[in-house]
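The primary structure of each chain is shown beneath.
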Amino acid sequence: MSTSESTASGIGPVEGASLYSVDNPAPVIEPPRKRTRKSPKSTRGNFEMAAWLFMRLSGVVLVVLVIGHLLIQLVLDGGVSKIGFAFVAGRWASPFWQVWDLLMLWLAMLHGANGLRTVINDYAERANTRLWLKGLLYTATVFTILLGTLVIFTFDPNIR
Amino acid sequence: MPAGTLYRGREGMWSWVAHRVTGVLIFFFLFVHVLDTALVRVSPEAYDTVVATYKTPIVALLEYGLVAAILFHALNGLRVIAVDFWLQGARYQKQMLWTVVAVWVVLMIGALYPVLGHAVRELFGS
Ligand code: HEM
Ligand code: HEM
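This structure is a prediction, so every number in the text was calculated from the model and none was measured.

So, about the coordination of the iron atom of ligand 2. Within the first shell, the iron atom of ligand 2 binds the protein through H111 of chain A (NE2) and H73 of chain B (NE2), at distances of 2.0 to 2.1 Å. For the iron atom of ligand 2, the six donor atoms in the first shell make angles of 86 to 179 degrees at the metal, a pattern classed as octahedral. You can see H111 of chain A sitting in helix α3 (residues 95-123) and its partner H73 of chain B sitting in helix α3 (residues 57-85), one on each of two chains. You can call H111 of chain A buried: its relative accessible area is 16%. The exposure class assigned to H73 of chain B is buried, which follows from its relative accessible area of 15%.

Right under this line is the structure:
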């Protein structure tokens, strides 16, 4: 098919002359469902979009944090064998690793909890089931984040 | 149930299933992991006792599985991000999936000795 035959109006020579021209433009058709000044104010925020974006941003950061963590705990310096109270005390003596673990805790928990929220929405069909499962999920998430944060901030190497 | 409505996708569907399964598994592990780490606030003995289970051969195998899950979820997550944000992402999604699988296999082979070495030594003597 030759493209040079079609005119700007998209009407080829077979149909005859174009109906519209610069002086007589085609009417503008408003895109369906477009929000205008007249349409009612949206009652929903952009929560789902923010959640979608958060999954991607936190994912990129978690690649570094979690894979770095696994390298330190399972691969370097003797792997798991070295882990013990003294090892943790040595690591949390440094603010750098405290911040690392804190960030990893918050991002991984929020990322995972939001992912599980999607999974619940997908599979739990009854509204009541969804409500209970999400209640359980949010309770466990808040509890875990608070506990983990508390442990990092109150860690005491001389507990005994 | 109407017949023939079951969606049977190709690689893309299976990578999505694997991403979902690994994500849920990691979340459950993390919940337990924060609990076991919290034992450092109880006593050094309590912590060391529980961490000792992490060093047994059977749990070493579970750790290898956890590494497998995390590496797949991380690599495939980066692929999902590339599909969403890179203009050519959707066109190359299949090539990217096979790249993910290849990198995953290489890293899993590399993790064999560091993660399972001590278990093999314990089981068969060194
Ligand atoms: C089997 C593999 C793993 C081992 C042996 C391990 C070991 C440890 C150890 C010894 C600590 C104490 C603090 C430190 O040394 O940094 C810790 C803390 C932590 N780990 Fe892991 N880890 C593993 C996997 C993971 C994974 C996969 C994640 C994330 C999804 C994770 C997230 C965390 C977090 C958030 C903390 C801080 C906990 C708190 O705030 O109380 N770990 N881990
Ligand atoms: C290591 C770096 C990680 C990356 C790059 C990553 C990336 C992603 C991305 C991009 C999504 C969204 C998928 C979509 O919308 O289709 C996702 C979903 C998810 N992630 Fe991660 N993630 C990482 C770590 C984690 C961790 C540590 C956990 C658990 C605590 C986790 C649990 C989940 C769950 C449960 C989902 C939902 C799965 C679904 O809806 O099918 N992810 N991840």
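Following the structure, the description resumes.
In this section: the side chain of N114 of chain A. Here N114 of chain A shows up in helix α3. Leaving out residues up to four positions away in the same chain, N114 of chain A has contacts with A51 and M55 of chain A.

Now for the environment of Q93 of chain B. Residue and element names in this part refer to chain B. Relative to the helices and strands, Q93 is located in helix α4 (residues 93-124). By relative accessible area, which is 27% here, Q93 ends up partly exposed. Through-space distance from the C-alpha of Q93 to that of V103 is 15 Å; in sequence the pair is ten residues apart. Q93 has contacts with R79 and V83, leaving out every residue within four places of it along the chain.

Residue and element names in this part refer to chain B. Packing of α3 against α4 brings their axes to within 9 Å, and their N-to-C directions diverge by 160 degrees. Relative to α4, α3 is oriented roughly antiparallel. The way α3 lies across α4 gives a crossing that is right-handed. Across the contact of α3 with α4, the residue classes tally to 25 nonpolar, three polar and three charged.

The subject of this paragraph is unusual backbone geometry. All names here are of chain A. Backbone geometry places D77, a non-glycine residue, at a positive phi of 55 degrees. With respect to the element layout, D77 can be found in the loop between α1 (47-75) and α2 (85-91). On the basis of relative accessibility, which here comes to 65%, the residue D77 falls in the exposed class.

In this structure, the second largest pocket occupies an estimated 250 Å³ of space. Along its surface, the second largest pocket is lined by I67, L70, L71, L74 and V75 of chain A together with V67, L71, L107, G110, A111, P114 and V115 of chain B. When residues of the lining of the second largest pocket are traced back to their parent elements, those giving at least two are α1 of chain A together with α3 and α4 of chain B. Its residues placed into classes, the lining of the second largest pocket shows eleven nonpolar, one polar and no charged.

Conventions and cut-offs
Residues numbered from 1 in each chain as written. Chains lettered and ligands numbered in written order. Predicted model: local features only at pLDDT ≥ 70, side-chain atom pairs only at ≥ 80, totals over all residues. Heavy atoms only, no water. Donors = N, O, S within 2.8 Å, 3.2 Å for Na, K, Ca; no water. Tetrahedral: all angles 85-135°; square planar, octahedral: opposite > 155°, others 65-115°. Helix = DSSP H or I, 4+ residues; strand = E, 2+ residues; numbered from the N terminus. Buried < 20%, exposed > 50% of the residue type's maximum accessible area, 1.4 Å probe, protein only. Contact = heavy atoms within 4.5 Å. Axes fitted to C-alpha atoms, helices over the stretch in contact; angles between N-to-C directions. Parallel < 35°, antiparallel > 145°, perpendicular 65-115°, else oblique. Left-handed = near helix turned anticlockwise from the far one by under 90°. Nonpolar A, V, L, I, M, F, W, Y, C, P; charged D, E, K, R; others polar. 1 Å grid on protein atoms, 1.4 Å probe; cavity = no way out; pocket = protein on both sides within 12 Å on 5 of 7 lines; lining within 4 Å. Points joined across faces, edges and corners; volume = space filled by probe spheres on them.

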